[in-house]
Amino acid sequence: MTASRLSKRLGAIPIPILIAMIATLAVLDLRASFESPLLLFALNAVFVSLASFLVAYISARSYLISGSNTNLLLGSGVLAFGSASLLAGWLMAPPGGVNVNVTIHNTGSLLGSVFHAVSATMILLGVTSEVLRFRKLRLIITYLAVLVLIALLTIASLQGVIPTFFIQGEGPTSLRQGVLGTALFLFAISSIMFMKLYSESKSDLLYWYSLALAMIASGFFAIFFSRVSGSPVAWAGRCAQYVGGIYFLIAVLTTIRGARTKG
Amino acid sequence: MDNIISLRDVELESTLRRSLVIFKARGTAHDRDIREFEITSKGLVVEEKFAGVEQILGGAARRSMTEKAAEAWAQAFRGRR
């Protein structure tokens, strides 16, 4: 067995373990809560946002080279997800709170999942298009638009313009369940589509990218059943997303290593 | 000497391309980018700088690691054709 195949098999091990843990915790429905805004911000920043921004950067460079819209969509998706996670982690503390944290994270994730699903569908159907002119301008405008949208969602959430997503102790509202459920579904579908592409191309990058999306979807699955912010099942969901971030990093490192090997 | 301009051929991915860089210009600030140029029927056309390429002046030009990684990334997500 080659080192690459072994590492891929080992890399997939956390997925069933985390899913089993999430399922067990969801059934037990433990209501104990531990919330540390600083810890949440640090973990979100390192494991989700930093990894997402790296993927957004390499997707941007790829778009400038290839002009492929799918690269731009992927980059925009991870940028939305990463920036929303960063802001959500930061705003767990005042002037935010649990509801603001959940609203920003879930809406940003929905935006990211839509970009991913569209991109994966385009790649799978072979309907990708390539832009020849004004790539840099298009990239700047798109990334800026994503960041502005996340900023507007944050401001709207802080101002109380967006309907309530989460009431601590009572649990999520039906609106939040709809938003998170859709994001979960789209990330899961995207993961399956990328795995299908991996089965055809055998590109390691696609394998790790698919696993990253699968872990993020698993994390959302856990959060979906969480009635209390900071509960064990909520933390299991967060851990799954952090593992997803690590898989994003592995996807980037795999690409860099491949580029170095080719010389 | 008032100005020093280097014009040289650059081998990059099995293609011979032309580079231009201004080393020195007396009494004035100047562009320090290493740019590609072409000799056309209308004269010399200076184009964009060599983005993502290293070692041009060393004579062994090659794409930077980031550029290669970005290219591999684009290739992977290009999918079915």
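Look up: the structure comes first, before these words.
Residues numbered from 1 in each chain as written. Chains lettered and ligands numbered in written order. Predicted model: local features only at pLDDT ≥ 70, side-chain atom pairs only at ≥ 80, totals over all residues. Heavy atoms only, no water.

Describe helix α2 (residues 14-28) of chain A, listing the residues and the values that go with them.
One full turn of an α-helix is made of 3.6 residues, so residues set three or four places apart face in the same direction. All names here are of chain A. Over its 15 residues, α2 runs 21 Å from end to end, which matches the ideal 21 Å to within 8%, given 1.5 Å per residue. If you check which residues of α2 are buried, you get Ile15, Leu18, Ile22 and Leu25. Down the axis of α2, the smallest arc covering the buried residues is 105°, so these residues share one side. Away from the buried face of α2 by more than 90 degrees, exposed residues Pro16, Ile17, Val27 and Leu28 are located. In the stretch just after α2, aspartate 29 is the one whose phi turns positive, near 50°. (Helix = DSSP H or I, 4+ residues; strand = E, 2+ residues; numbered from the N terminus. Expected span 1.5 Å × (residues − 1). Buried < 20%, exposed > 50% of the residue type's maximum accessible area, 1.4 Å probe, protein only. Arc of directions from axis to C-beta.)

Tell me what's going on with the pattern of salt bridges, and back it up with residues and numbers.
All names here are of chain B. Taken as a whole and assessed by the stated rule, the structure comprises 10 salt bridges over all chains. In this structure, the salt-bridge partner of aspartate 31 is arginine 35, at a minimum N-O distance of 2.6 Å. According to the relative accessible area criterion, arginine 35 is partly exposed, its value standing at 22%. Residues arginine 62 and glutamate 54 are paired through a salt bridge, measuring 3.7 Å at the closest nitrogen-oxygen approach. Several salt bridges share partner residues, and in doing so they unite Asp31, Asp33 and Arg35 into one network. (Salt bridge = Lys/Arg side-chain N within 4 Å of Asp/Glu carboxyl O.)

Outline the packing of aromatic side chains, listing residues and values.
In this structure the tally under the stated criterion is 16 aromatic pairs over all chains. A centroid spacing of 6.0 Å and a plane angle of 80° characterise the contact between tyrosine 209 of chain A and tryptophan 73 of chain B, whose relative ring orientation is edge-to-face. Taken as a pair, tyrosine 209 of chain A in helix α8 (residues 204-225) and tryptophan 73 of chain B in helix α1 (residues 65-76) lie in two separate chains rather than in one. Residue classification places tyrosine 209 of chain A among the buried positions, given a relative accessible area of 0%. Its guanidinium or amino end placed over the ring of tyrosine 207 of chain A, lysine 8 of chain A lies 5.5 Å from that ring's centre, counting from NZ or CZ. The ring of tyrosine 198 of chain A has lysine 202 of chain A sitting right over it, with the charged end atom 5.1 Å from the ring centre. (Phe/Tyr/Trp six-rings, centres within 6.5 Å; stacked < 30°, edge-to-face > 60°. Lys NZ or Arg CZ within 6 Å of the ring centre and 35° of its normal.)

Could you give an account of a nonpolar patch on the surface, naming the residues involved and the relevant values?
All names here are of chain A. Nonpolar side chains collect at one region of the surface, where Leu6, Leu10, Ile13 and Ile17 lie side by side and expose about 370 Å² of accessible area between them. Counting through the fold element by element, leucine 6 comes out in helix α1 (residues 3-12). Overall, leucine 6 belongs to the partly exposed group, its relative accessible area being 43%. (Patch = residues over 30% accessible without salt bridge, like charges linked within 9 Å, V, L, I, M, F, W, Y side chains within 5 Å. Areas by Shrake-Rupley, 256 points an atom, 1.4 Å probe, with all protein chains shown as cover.)

Can you tell me about the interface of chain B and chain A, naming the residues and giving the values?
Taken residue by residue, the interface counts 16 residues in chain B and 31 residues in chain A. Where chain B abuts chain A, roughly 2100 Å² becomes buried across the two surfaces, and 64% of that area is made up of carbon and sulfur atoms. Our count for the contact surface shared by chain B and chain A stands at one salt bridge. In this structure, the connection of chain B to chain A is made through four residue pairs in polar contact (both at pLDDT 80 or more). Considering only residue class, the side of chain B that touches chain A consists of eight nonpolar, two polar and six charged. (Contact = heavy atoms within 4.5 Å. Buried area = accessible area lost by both parts, 1.4 Å probe. Polar contact = N/O pair within 3.5 Å; in protein donor to acceptor, adjacent residues only side chain to side chain. Nonpolar A, V, L, I, M, F, W, Y, C, P; charged D, E, K, R; others polar.)

Explain the sheet that holds strand β2 (residues 15-25) of chain B to me, and be specific about the residues and the numbers.
Residues and elements named next belong to chain B. The four strands are arranged β1-β2-β3-β4 in an open sheet whose pairing can be described as antiparallel. The sheet is open, and its two edges are formed by β1 (3-12) and β4 (43-49), each paired on a single side. Strand-to-strand twist of the sheet, defined as the mean angle between neighbouring strand axes without regard to direction, takes the value 35°. Bridge analysis of β2 against strand β3 (residues 35-40) gives two bridges, and the strand direction is antiparallel. When the sheet's bridge partners are listed, serine 19 is paired in β3 with glutamate 36. (Pairing = 2+ DSSP bridges. Axes fitted to C-alpha atoms, helices over the stretch in contact; angles between N-to-C directions.)

I'd love a proper account of unusual backbone geometry, names of residues and values included.
Residues and elements named next belong to chain A. Looking along the chain, the bond that leaves proline 94 and enters proline 95 is cis, with omega of 10°. When you line up the elements, proline 95 lands in the loop between α4 (69-90) and α5 (98-125). Residues other than glycine seldom take positive phi values, yet phenylalanine 134 does so here, at roughly 55°. Following the sequence through the fold, phenylalanine 134 ends up in the loop between α5 and α6 (135-158). Of note in this structure, lysine 202 is not a glycine but carries a positive phi near 60°. Among the secondary structure elements, lysine 202 is positioned in the loop between α7 (174-201) and α8. The class of lysine 202 is exposed, set by a relative accessible area of 53%.

Outline the pairing of β1 of chain B, listing residues and values.
Bridge analysis of β1 of chain B against β2 of chain B gives 10 bridges, and the strand direction is antiparallel. Within β2 of chain B, the residue paired with arginine 8 of chain B across the bridge is serine 19 of chain B.

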